[in-house]
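Summary of the model geometry
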Amino acid sequence: MSIYESLGVRRVINADARLTRLGGSLMPESVLDSMREAAGSYVDLHELHIAVGRRLADVTHNEAAYVSSGAAAGLFLASLACMTGNDQAAIDRLPARSELKRRVIVQRMHRIPYLPAVALAGAEIIEIGSEPELHPGELDMALDDETAAVLYVAGEHLSQGALPLHEVIEIAHARGVPVIVDAAAQLPPAQNLWRFTRDLGADLVVFSGGKDLRGPQSSGLIVGRADLIEACRMNGAPNPRMGRPMKVGKEEMVGLLTAVEHYLADDEDTRIARFETIVRDWIATLNALPGTQATREFPNEAGQPMPRCRVELDPAVVGFDASELARRLWGGNPRIAVKHDERAISMTPDTLEPGDEREITARLVALLQP
Ligand SMILES: *Cc1c(COP(=O)(O)O)cnc(C)c1O
């Protein structure tokens, strides 16, 4: 009996997205092996943090890198790093922060649900952009002596009306203000690991370890400027400072490194071609059923260059709507998770284990055929 069965918890086939509430992602064998090996002995955690960071910086073509306990923790540490810099006395005085720059500027369209991680650092979030389109002058005007950083949330789905990153960087740097990029879900393409920093000049960039990288769930990657990464490290665990509650174990550090190396060795085109095949097969099968219309969507809802399958239902023919279909998929055993609204469900292939796509097809055919 599996551990989940013994607990009376159903397994989930995840065609929704890499969501924390569904367990994020599944780690490759090589990652699991490295974590098991790391778990086998004690180590100086400071030394390991620095060594893993150096290797991660190397393989991702960055000046420096740091393993956090997730991208949200990365936002927390990056914000704090921009507020304290490498001022050990200021870090020691935290949470007293009256003498620190505290403002973090965010464009209105980048108001994501993860911003509390920035507020948790003690930052004051200043939202700019009252018009449908942001003007460079609005950003320039918002930058003052109290500004610690500009936060930019990457992703094609959030770019509508926003100032593009290269412009944000140019304006912020002219005033000496660092730019943090939240790129938590912006992989693939793998080049994003260095594009925002090396190519575009962002100061700190945050990625989730537990999304497309398929590293440990409670891991995140911060890359960027060496002095700011050092400030992240000074504020973070195992130091008994503000970042201490978001500690990273030796297993997660080593696991994330292995995941990044695995990711960079993987052939992205082959992987995405496999996703296209799955989506094409879903479309062919589902369009043969009455009252369903399946189409390919690209890019996906997180702005990633990967296809999804959207299935619209005609309730008059099928007898129920898409929300009900999603409910029935979720109610089975194993559960099947899909995205949905009233009109359609959407399924993504990138989170599936081999064979899952056929199990999903079989369940859908059973539920939808007259
Ligand atoms: C998923 C996500 C996060 C949080 O990532 P964790 O690694 O789960 O902490 C932050 N920002 C964005 C844009 C995300 O998509």
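Residues numbered from 1 in each chain as written. Predicted model: local features only at pLDDT ≥ 70, side-chain atom pairs only at ≥ 80, totals over all residues. Heavy atoms only, no water.

A look at the domain arrangement of the chain
- Here the chain is described as being made up of domain 1 (3-16 + 267-368) and domain 2 (42-265).
- The centre of domain 1, based on its C-alpha atoms, is set 33 Å off from the matching centre of domain 2.
- Of the residues lining the interface, 13 residues belong to domain 1; the matching set on domain 2 comes to 13 residues.
- Summing both partners gives a buried area of about 840 Å² for domain 1 against domain 2, and 42% of it is carried by carbon and sulfur.
- Our enumeration of links across domain 1 and domain 2 arrives at one salt bridge.
- Two residues, Arg 271 and Asp 212, come together in a salt bridge whose shortest N-O distance is 2.7 Å.
- The tally of links from domain 1 across to domain 2 stands at six residue pairs in polar contact (both at pLDDT 80 or more).
- Broken down by class, the residue content of the side of domain 1 that touches domain 2 amounts to five nonpolar, two polar and six charged. (Domains from an automatic or database assignment. Contact = heavy atoms within 4.5 Å. Buried area = accessible area lost by both parts, 1.4 Å probe. Salt bridge = Lys/Arg side-chain N within 4 Å of Asp/Glu carboxyl O. Polar contact = N/O pair within 3.5 Å; in protein donor to acceptor, adjacent residues only side chain to side chain. Nonpolar A, V, L, I, M, F, W, Y, C, P; charged D, E, K, R; others polar.)

Observations regarding the sheet that holds strand 10 (residues 308-313)
- Strands sit in the order 9-10-13-12 across an open sheet of four strands; the sheet is antiparallel. Each having just a single partner strand, strand 9 (292-297) and strand 12 (339-340) make up the two edges of the open sheet.
- Direction of pairing for strand 9 relative to strand 10: antiparallel, over a ladder of six bridges. Each residue of the ladder has a partner; that of Arg 296, found in strand 10, is Cys 309. (Pairing = 2+ DSSP bridges. Helix = DSSP H or I, 4+ residues; strand = E, 2+ residues; numbered from the N terminus.)

Here we look at the layout of surface pockets
- A volume near 800 Å³ is recorded for the largest pocket.
- The element that contributes the greatest number of residues to the lining of the largest pocket is helix 4 (residues 71-84), accounting for three residues.
- Looking at the lining of the largest pocket, its residues break down into 16 nonpolar, 14 polar and eight charged.
- Taken domain by domain, the makeup of the lining of the largest pocket includes at least three residues from each of domain 1 (3-16 + 267-368) and domain 2 (42-265).
- Each pocket or cavity is described by its volume, and for the second largest pocket that value is around 640 Å³.
- A breakdown of the residues in the lining of the second largest pocket according to their chemical character gives nine nonpolar, five polar and eleven charged. (1 Å grid on protein atoms, 1.4 Å probe; cavity = no way out; pocket = protein on both sides within 12 Å on 5 of 7 lines; lining within 4 Å. Points joined across faces, edges and corners; volume = space filled by probe spheres on them.)

Notes on the packing of helix 4 against helix 10 (residues 226-235)
- Where helix 4 contacts helix 10, the two axes come as close as 8 Å, and the packing angle between them is 105°. Taken together, the axes of helix 4 and helix 10 lie roughly perpendicular to each other. Contact with helix 4, carried on its side by Leu 77, Ala 78, Leu 80, Ala 81, Cys 82 and Thr 84, involves Leu 228, Ala 231, Cys 232 and Asn 235 of helix 10 and no other residues of that element. (Axes fitted to C-alpha atoms, helices over the stretch in contact; angles between N-to-C directions. Parallel < 35°, antiparallel > 145°, perpendicular 65-115°, else oblique.)

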